[in-house]
Amino acid sequence: MRAIEITRPGGPEVLEWHEVPDPHVERGDVLIDVAASAVNRADVMQRQGFYDPPPGSSPYPGLEVSGVVTEVGEDVEHFKPGDEVCALLGGGGYAERVAVPWQQVMPVPDKVSLREAAGLPEVACTVWSNVFMTGRLRRGETLLVHGGASGIGTFAVQLAEALGSYVVTTVGSAAKADRVRELGADEVVNYREEDFADKVKADVILDIMGAKYLAGNVRALRTGGRLVIIGMQGGRKAEIDLGALLTKRASVHGTTLRARSVDEKGVIVRSVVDNVWPLVGAGAVRPVVYAEVPMSEAAQAHRMLDSGEHVGKILLVR
């Protein structure tokens with residue numbers, strides 16, 4: 001088969017479309033003929049040499065795919081050849097075929113095309129597990145989402161709005177502010193012009209920035225609030241005012257999805273299928289696709305992501 005290899009740490013130009021060995025199908029694996037994958041910030045970090053795949057995962061980038069099942073291992077449940085599916089991966093999505101544990105595979109939701117479905121697994125599992133399973137966001141509470149125009153942001157805005165929360169998000173331009181309002185954001189803060197911590201009081205905060213926003217996030221939490229940190233785009237280390245945290249009886253959670261065990265991912269995937277897929281099928285939550293790029297031209301897609309101009313997901317299609 002062919003796949004995108006990272007030939008050395010560096011910029012988008014290090015991504016090359018090569019002939020590589022076919023994936024090996026284990027007893028519990030589903031083999032998927034890939035229709036599309038999607039670009040995530042973790043892929044960029046892996047390309048730069050900062051984020052290696054978990055042990056046992058494919059060395060090729062790509063945390064999600066959609067496609068058609070062509071083979072199943074002896075211990076696979078629920079799936080058979082010919083099924084149209086999407087899947088959450090530890091790696092290997094930038095390829096013509098990928099083998100993935102069946103627990104991480106999901107049916108394509110109703111009213112979503114096979115290609116579009118490639119942009120759902122990572123954002124749906126990230127948002128559902130962090131905002132609702134860990135952050136315990138409830139109807140009527142306020143969610144603050146940083147990076148509302150990103151793939152995760154656009155999905156979080158829609159899902160929280162559909163489930164009855166008040167949604168605030170940060171963006172970096174007026175055009176992005178208009179777009180996230182169209183998706184259901186109740187309030188938008190342009191972080192280039194305003195300090196979100198002066199304007200927002202939130203019950204749950206979903207943060208991709210890490211150190212740079214830590215102090216502001218604590219200020220923005222309501223009493224009993226939950227801060228969930230899923231990224232470090234603004235740095236790894238910062239001081240925290242424990243007095244403010246204690247006074248608010250607030251909590252800080254740091255989580256990742258990629259390195260979790262197959263069983264842990266399976267729990268999240270099944271919960272997403274049960275709770276989120278019906279909303280997607282009903283049209284209340286939709287994948288937001290910024291562009292479709294041929295998989296062999298993954299470098300172009302990474303340049304789009306690096307530019308920061310996109311809203312939603314960038315897909316790699318075959």
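For the structure, see preceding data.
Residues numbered from 1 in each chain as written. Predicted model: local features only at pLDDT ≥ 70, side-chain atom pairs only at ≥ 80, totals over all residues. Heavy atoms only, no water.

Undergrad: Quick question: what am I supposed to make of the overall build of the chain here?
TA: Check the secondary structure of the chain and you find ten helices and 15 strands. The C-alpha radius of gyration of the chain comes to 19 Å, within 12% of the 20 Å expected for a compact globule of 318 residues. With respect to the three principal axes, the spread of C-alpha positions in the chain is 55 × 40 × 35 Å. For the chain, the residues scored as buried account for 55% of the 318 residues in total. Of the roughly 13,400 Å² that the chain leaves accessible, carbon and sulfur atoms contribute 49%. (Helix = DSSP H or I, 4+ residues; strand = E, 2+ residues; numbered from the N terminus. Rg over C-alpha atoms; globule rule 2.2 N^0.38 Å. Buried < 20%, exposed > 50% of the residue type's maximum accessible area, 1.4 Å probe, protein only. Areas by Shrake-Rupley, 256 points an atom, 1.4 Å probe, with all protein chains shown as cover.)

Undergrad: Even after reading the chapter, I still don't get empty space enclosed by the protein, so can you show me in this structure?
TA: Picture a little ball the size of a water molecule; that probe, rolled over the atoms, points out where space is still empty. Overall, the coordinates contain one cavity of 30 Å³ or more when judged by the stated rule. Roughly 30 Å³ of internal volume is contained in the largest cavity. The wall of the largest cavity is formed by Gly119, Val123, Gly151, Thr154, Phe155, Gln158, Arg286, Pro287, Val288 and Lys313. Per element, the largest residue contribution to the lining of the largest cavity is four residues, and it comes from helix α3 (residues 151-162). (1 Å grid on protein atoms, 1.4 Å probe; cavity = no way out; pocket = protein on both sides within 12 Å on 5 of 7 lines; lining within 4 Å. Points joined across faces, edges and corners; volume = space filled by probe spheres on them.)

Undergrad: I'm lost on the sheet that holds strand β10 (residues 187-190) in this one. Help?
TA: One key point about sheets: their strands pair by backbone hydrogen bonds, in either a parallel or an antiparallel sense. Spatial strand order, β10-β9-β8-β11-β12-β13: six strands in an open sheet with parallel pairing. Looking along the sheet, the strands with just one partner apiece sit at the ends: β10 and β13 (251-254). Each strand axis lies, on average, 15 degrees off the axis of its neighbour in the sheet, ignoring direction. Bridge count between strand β9 (residues 166-171) and β10: four bridges; the pairing is parallel. Looking at the pairing, Thr169 lines up with Val188 of β10. (Pairing = 2+ DSSP bridges. Axes fitted to C-alpha atoms, helices over the stretch in contact; angles between N-to-C directions.)

Undergrad: Can you walk me through the pattern of salt bridges in this structure?
TA: Side-chain pairing between opposite charges can occur once the charged atoms of the two side chains come close. Summed over all chains, the structure comprises 18 salt bridges. The partner of Arg2 in a salt bridge is Glu96, and the shortest N-O contact between them spans 2.8 Å. With a gap of 94 residues between them, Arg2 in strand β1 (residues 2-6) and Glu96 in the loop between β5 (84-88) and β6 (97-101) connect regions that are remote in the sequence. Taking the shortest distance from any N to any O, the salt bridge between Glu64 and Lys313 comes out at 2.6 Å. (Salt bridge = Lys/Arg side-chain N within 4 Å of Asp/Glu carboxyl O.)

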